[in-house]
Amino acid sequence: MSRTNREIHLVKRPDGPPALDDFKLVEAPLPEIADGQVLIQQLYMSVDPAMRPRLTNGYELGQAMSGGALGRIVQSKTPDFAEGELVRNPLGFREYAVSEGRGLQKLKPEPGIPLTAYMSVLGGTGFTAYGGLLSIGQLKDGEQVFVSTAAGAVGSIAAQIAKIKGCYVIGSTGSDDKAAWLRDEAGLDAVINYKTTPIRQGLKAAAPKGVDVYFDNVGGEHLDAALANMNTLGRVAVCGMISGYNNAGARTPVYNLSNIIYGRINLRGFVATDFMHLRPQFESDMRDWLKTGRIKWRETVLEGIKEAPHAMVGLMQGENIGKMLVKLAD
């Protein structure tokens, strides 16, 4: 076992999109554990868009950041956890972490399912897509669905769940390569590259029957375009507002808010804890969909803790397809 621990610290608040020099790789002695604690060697850590606002207001400067991770217990001084057990935990952005057990979830992976799946399609990412679409969006079979950032970690799963439910699904993304994957592999009915086609024009052409459910990861112009095309009694499940994360002082206005009134549209933000009662059904459904090949999932994996800042910067620049992960150890 290494006798040192490397961590990623936030050393500067981003002014606009995050930059590599906003972060610093820091080396520290391997922490010692006390009675009631465990030492976790992190195997993978997650990098997610929801981390971006915390760079501006949330993460402490000069201290290790945090985020979702999957690790192995390498030392234990509590009967609650045994050495060798795998645990999902909120202590990413470091190679080793000390915990008293709060927030740790034991994981017993199934044969044939990669560990990274439990960080994405079978983890919080997949669950957010599942509950956001089915519980918050109240999706009905055969409806017209629009998903923004459809090649991202959450959007790609939400779009495919809608296809499984027999819906006509439109996705937006920012590159031709991602658009091709969404059409050819994920099976979406229509895909808009918003960098080459204005999103309002593209959505109007792609949705001749309007939109019943919009799964929103972007806000701004995407939300405005969706509201202009929503059917009566449509639902908007607001998962993220990535268009405003880097430009909090100059967010894109939304002009079609009055359509919420006349279309009797339900627009609701959510977090995954809103539908924890669905977790058992989600795990059953998702395992079945994976085993039968009905869900395709992608991931972008960078190697080594030193690449974590690049993962954060690259995520905000749209470099990833699917889940953005950093591999820390085997």
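Placed above this text is the structure.
Residues numbered from 1 in each chain as written. Predicted model: local features only at pLDDT ≥ 70, side-chain atom pairs only at ≥ 80, totals over all residues. Heavy atoms only, no water.

Draft legend 1. Representation of the nonpolar core. Formed by 49 residues in total, the largest nonpolar core has its most connected members in Val145, Ile161, Leu182, Leu188, Phe215, Met286 and Ile295. Of all elements in the fold, only strand E3 (38-47), helix H2 (124-136), strand E8 (144-147), helix H3 (153-164), helix H4 (176-184), strand E11 (211-216) and helix H9 (279-291) reach the threshold of two or more residues within this core. Looking at this core element by element, the count peaks at seven residues for H3. (Core = buried A, V, L, I, M, F, W, Y, C linked by side-chain atoms within 4.5 Å. Buried < 20%, exposed > 50% of the residue type's maximum accessible area, 1.4 Å probe, protein only. Helix = DSSP H or I, 4+ residues; strand = E, 2+ residues; numbered from the N terminus.)

Draft legend 2. The arrangement of the side chain of Thr125 in detail. By the secondary structure assignment, Thr125 is in helix H2. A polar side-chain atom of Thr125 sits 3.0 Å from a polar atom in the side chain of Lys323. Setting aside chain neighbours within four positions, we find Thr125 in contact with Met119, Ser120, Ala153, Val154 and Lys323. (Polar contact = N/O pair within 3.5 Å; in protein donor to acceptor, adjacent residues only side chain to side chain. Contact = heavy atoms within 4.5 Å.)

Draft legend 3. Molecular detail of the side chain of Gln41. If you trace the backbone, Gln41 turns up in strand E3. Only 3.4 Å separates the side chain of Gln41 from the side chain of Tyr96, close enough to count as a polar contact. If near-sequence neighbours (up to four positions away) are discounted, Gln41 is found in contact with Gly71, Arg72, Val74, Glu95, Tyr96 and Ala329.

Draft legend 4. View of empty space enclosed by the protein. Counting across every chain of the model gives one cavity of 30 Å³ or more. Each pocket or cavity is described by its volume, and for the largest cavity that value is around 50 Å³. Along the walls of the largest cavity sit Ser120, Val121, Thr125, Ala153, Ser156, Ile157, Trp297, Arg298, Gly322 and Lys323, which together make up its complete lining. For the lining of the largest cavity, a count of residues per class yields four nonpolar, four polar and two charged. (1 Å grid on protein atoms, 1.4 Å probe; cavity = no way out; pocket = protein on both sides within 12 Å on 5 of 7 lines; lining within 4 Å. Points joined across faces, edges and corners; volume = space filled by probe spheres on them. Nonpolar A, V, L, I, M, F, W, Y, C, P; charged D, E, K, R; others polar.)

Draft legend 5. Region of interest: the sheet that holds strand E12 (residues 230-238). Strand order in this open sheet of six strands is E10-E9-E8-E11-E12-E13, and the pairing throughout is parallel. The sheet is open, and its two edges are formed by strand E10 (190-193) and strand E13 (266-269), each paired on a single side. Mean inter-strand twist for the sheet, computed between neighbouring axes without regard to direction, equals 15°. Of the pairings in the sheet, the one linking E12 to E13 comprises four bridges and is parallel in character. Across the sheet, residue Val238 finds its bridge partner in E13, namely Gly269. The strands touched by H4 within the sheet are strand E9 (168-173) and E10, with E10 carrying the most contacts at an inclination of about 170°. (Pairing = 2+ DSSP bridges. Axes fitted to C-alpha atoms, helices over the stretch in contact; angles between N-to-C directions.)

Draft legend 6. Focus on the pairing of strand E1 (residues 4-10). In terms of residue burial, E1 counts as a mostly covered element, since five of its seven residues are buried. Pairing of E1 with strand E2 (residues 23-29) involves seven bridges; the strand directions are antiparallel. Opposite Thr4, over in E2, you have Pro29 as the bridge partner.

Draft legend 7. Structural view of the pairing of E11. Burial of E11 is extensive: six of the six residues sit out of reach of the surface. Where E8 and E11 come together, three bridges link them in parallel fashion. Bridge pairing links Phe146 to Tyr214 in E11. Across five bridges, E11 lies against E12 in parallel orientation. Looking across to E12, one finds that Val213 is bridged to Arg235. Between the parallel pair E11 and E12, the chain is carried across by helix H6 (residues 220-229), and the sense of this crossover is right-handed. (Right-handed = clockwise from strand over helix to strand, strands pointing away.)

Draft legend 8. Spatial organisation of H4. Three or more residues of H4 are buried, namely Lys178, Ala179, Trp181 and Leu182. Each buried residue of H4 lies within a common arc of 160° when the element is viewed along its axis, so the set occupies one face. Opposite the packed face of H4, turned more than 90 degrees from it, sit the exposed residues Asp176, Asp177 and Asp184. (Arc of directions from axis to C-beta.)

Draft legend 9. Representation of the packing of aromatic side chains within the structure. Tallying each qualifying case throughout the model produces seven aromatic pairs. Taking the centre distance of 4.8 Å and the plane angle of 15° together, the rings of Phe146 and Tyr214 count as stacked. Of this pair, Phe146 sits in strand E8 while Tyr214 sits in strand E11, and the two are 68 residues apart along the sequence. Classification of Phe146 as buried rests on a relative accessible area of 0%. The buried category is assigned to Tyr214, whose relative accessible area is 0%. Pairing Phe215 with Phe270 gives two aromatic rings, centres 6.1 Å apart and planes at 70°, and the pair type is edge-to-face. One end of the pair, Phe215, is in strand E11; the other, Phe270, is in the loop between E13 and H9, with 55 residues separating them in the sequence. (Phe/Tyr/Trp six-rings, centres within 6.5 Å; stacked < 30°, edge-to-face > 60°.)

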